[in-house]
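Architecture at a glance
Given next are the chains, with one letter for each unit.
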Amino acid sequence: MSGALPERAEIVIVGGGVMGLGLAYNLARRGLTDVVVLEQSYLCYGASGRNGGGIRAQWSTEDNIRLMLRSIELCKAFAREMRMNIWFRQGGYLFLARDAEVMAAVEKNVALQNRCGVPTRLLSPAAARKIVPELELQGILGAAYNPDDGVVFPWPFVWGYAQQATAAGVTVSPFTEVTGIERQGSEITAVRTSRGSIATKIVVNATGAWSPRLAALAGVELPNKPYRHEIMVTESLKPFLGPMVSLLGSGLYFSQSMRGEIVGGMGDPDEPPGLTFESSFEFATRFAEAATNLIPALRGVRVLRQWAGCYDVTPDEHPIVGETPGLPGFVQLVGFGGHGFMMAPAVTESCARWLTGGDKDPFFDRYTLERFADGGTGYASESMIIG
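Just so you know, these numbers come straight off a predicted model, no measurement behind them.

Before going further, it helps to spend a moment on the packing of helix α1 (residues 18-29) against helix α5 (residues 154-167). As a packed pair, α1 and α5 sit with axes 8 Å apart at the nearest point and diverge in direction by 35 degrees. The handedness of the crossing between α1 and α5 is left-handed. When α1 is examined against α5, the residues Val18, Leu21, Gly22, Ala24 and Tyr25 are found in contact with a partner set consisting of Phe157, Val158, Tyr161, Ala162, Gln164 and Ala165. Of the residues contributing to the contact of α1 with α5, the split by class is nine nonpolar, two polar and no charged.

Here's what the structure looks like:
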């Protein structure tokens, strides 16, 4: 994954996370290996190496549900096809609601999920406790549970894509900063980097929280902003927690790893936008209080470490994908908030099919940058975003 950069490439992908590497792998599977992936730092430096590894089909929009049903299928086959153990375990997601309005939305979402073929069940508080007996039910109005949802270990997920893409002939170049994108009118001509220039007609922006910075190099303005989200891991405990647990409306989520650690996070609604990876004591206290109130058995458990990453958030909390208006060779795969990691298998498979002359999924026309033109606000927001 190093060496001299080629002088030209058919496609240059900027961003060595799961979205960029997943696309490179899927392009190679379809016979296109004249591809370069540029990563400013080490693989897993960004959100792909800083998340909780959740994989779920419980969403409030049909597009997201459809994508995640395919991603779950791909995750099941990942270890065998990629020769990389990602520790995929389908313990389900248990979403809890304490607010009547949130519970009404959960009921509506479950009905949609069922129509799309997702086996989500509405549960009473008592039924939720049968799945997680340690739950404190005070204030809980109900829950939603899909046993097919699960968790993967993020790092080998990224490494698997990188390993197979490289083996197929794709150039993966870490520690390579993009310093410019050259264009002539509505066409891209080259990418300048800290290690030389690459002539190309297609550049894919898969840089997540850094995507507005990259887009600016091509004279394109993106409306998405980075927001820090923090996460922590505890000492190992005797296994007791099957599903990922999330308290809707609070941002709280956590699961138990195969080694017994509790891994979880909790968003801060007052967090200002900013590209920062600093950890805070305020997060640790907020998360500890919320988690132990929900599962009192966690009181006294020791924290091993905590870290932070950035969500890449658009004004309507839906991604920006497909061709850029006025610059069609600049393809966007950004703005997925905190769920780009889980959607990457399906999104990159579909994107590779389109870029190699196959069918173009309507997804890549529906969620383009164009919806924000002239002050547009986009679509109704996805209601099942956590963290």
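With that out of the way, let us pick up α5. A rise of 1.5 Å per residue sets the reference length of α5, with its 14 residues, at 20 Å; its end C-alpha atoms lie 20 Å apart and thus fit the reference within 8%. On its buried face, α5 is in contact with α1, α2 (62-82) and α8 (340-355). Of the residues trailing α5, glycine 169 is marked for its positive phi of about 115 degrees.

Burial along strand β2 (residues 35-38) is two-sided: the face carrying Val35 and Val37 and the face carrying Val36 and Leu38 are both buried. As paired strands, strand β1 (residues 11-14) and β2 are joined by four bridges and run parallel to one another. Across the sheet, residue isoleucine 11 finds its bridge partner in β2, namely valine 35. For β2 and strand β8 (residues 171-173), the ladder comprises three bridges, and the chain directions are parallel.

On to the nonpolar core, then. With 73 residues, the main nonpolar core has Ile13, Leu23, Leu27, Phe157, Leu333, Val347 and Leu355 as its most contacted residues. Considering every element that reaches this core, the biggest residue donor is α8, with ten residues. Residues in contact with leucine 355, not counting those within four places in the same chain, are Ile11, Leu23, Leu27, Val204 and Val331. Counting 27 residues, the second-largest nonpolar core is a separate cluster that includes Leu123, Ala128, Met232 and Leu294.

A few words now on unusual backbone geometry. The backbone phi angle of cysteine 44 is positive, close to 80 degrees, even though this residue is not glycine. You can see cysteine 44 is positioned in the loop between β2 and β3 (54-55). The class for cysteine 44 is buried, based on a relative accessible area of 9%. One non-glycine residue with positive phi stands out, namely tryptophan 87, at about 55 degrees. Structurally, tryptophan 87 can be placed in the loop between α2 and β4 (93-97).

Moving on, we come to the sheet that holds strand β10 (residues 187-193). Across the sheet, three strands lie side by side as β9-β10-β11; this open sheet has antiparallel pairing. Since the sheet does not close on itself, it has two edges, and those belong to β9 (178-184) and β11 (196-199), each with one partner. Here the average twist between neighbouring strands, direction ignored, is 20 degrees. Relative to β11, β10 is paired through four bridges, and the arrangement is antiparallel. Bridged to threonine 193 within β11 is glycine 196.

With that settled, the discussion passes to the sheet that holds strand β14 (residues 244-247). The strands that make up a sheet pair up through hydrogen bonds in the backbone, lying either parallel or antiparallel. On the basis of which strands lie adjacent, the open sheet formed by eight strands has the order β5-β6-β4-β14-β15-β16-β13-β17 and mixed pairing. Of all the strands in the sheet, just β5 (121-123) and β17 (303-313) have a single pairing partner and so form its edges. Between one strand axis and the next, the sheet turns through 20 degrees on average, direction left out of account. Pairing geometry for strand β13 (residues 225-236) and β17, over ten bridges, is antiparallel.

Next up on the list: the pairing of β9. Regular strands place their side chains on alternate faces of the sheet. The sheet contact formed by β9 and β10 spans six bridges and is antiparallel. Across the sheet, the residue bridging to glutamine 184 is glutamate 187, located in β10. Counting the residues between successive antiparallel strands, the hairpin from β9 to β10 contains two residues, one of them, glycine 185, with a positive phi of roughly 65 degrees.

About the criteria used
Just so you know, the residues in each chain are numbered from 1, in the order the chain's sequence is written. Only residues with pLDDT of 70 or above have their local features reported here, since the model is predicted, and side-chain atom pairs are shown and tallied only from 80 upward, although totals for entire chains, interfaces and linings are computed over all residues. Side-chain figures throughout are based on the complete set of non-hydrogen atoms in the structure, without hydrogens or water. All axes are obtained by fitting lines to C-alpha atoms, using only the stretch in contact for helices, and the reported angles, taken between N-to-C directions, cover 0 to 180 degrees. Numbering goes from the N terminus for both helices and strands, where a helix is a DSSP run of H or I of at least four residues and a strand is a run of E of at least two. Left-handed describes a crossing whose near helix is turned anticlockwise from the far helix by less than a right angle; the clockwise case is right-handed. By definition, residues are in contact when any of their heavy atoms lie within 4.5 Å. For this classification, Asp, Glu, Lys and Arg are treated as charged, while Ala, Val, Leu, Ile, Met, Phe, Trp, Tyr, Cys and Pro are nonpolar and the rest, including Gly, are polar. Under the convention used throughout, the expected extent of a helix is 1.5 Å for every residue step, that is, one less than its residue count. Three exposure classes are used, based on accessible area relative to the maximum for each residue type with a 1.4 Å probe and protein chains only: buried under 20%, partly exposed in between, and exposed over 50%. Note: two strands are recorded as paired if DSSP finds a minimum of 2 bridges between them. Nonpolar cores were defined as sets of buried Ala, Val, Leu, Ile, Met, Phe, Trp, Tyr and Cys residues, with membership established by side-chain atoms within 4.5 Å.

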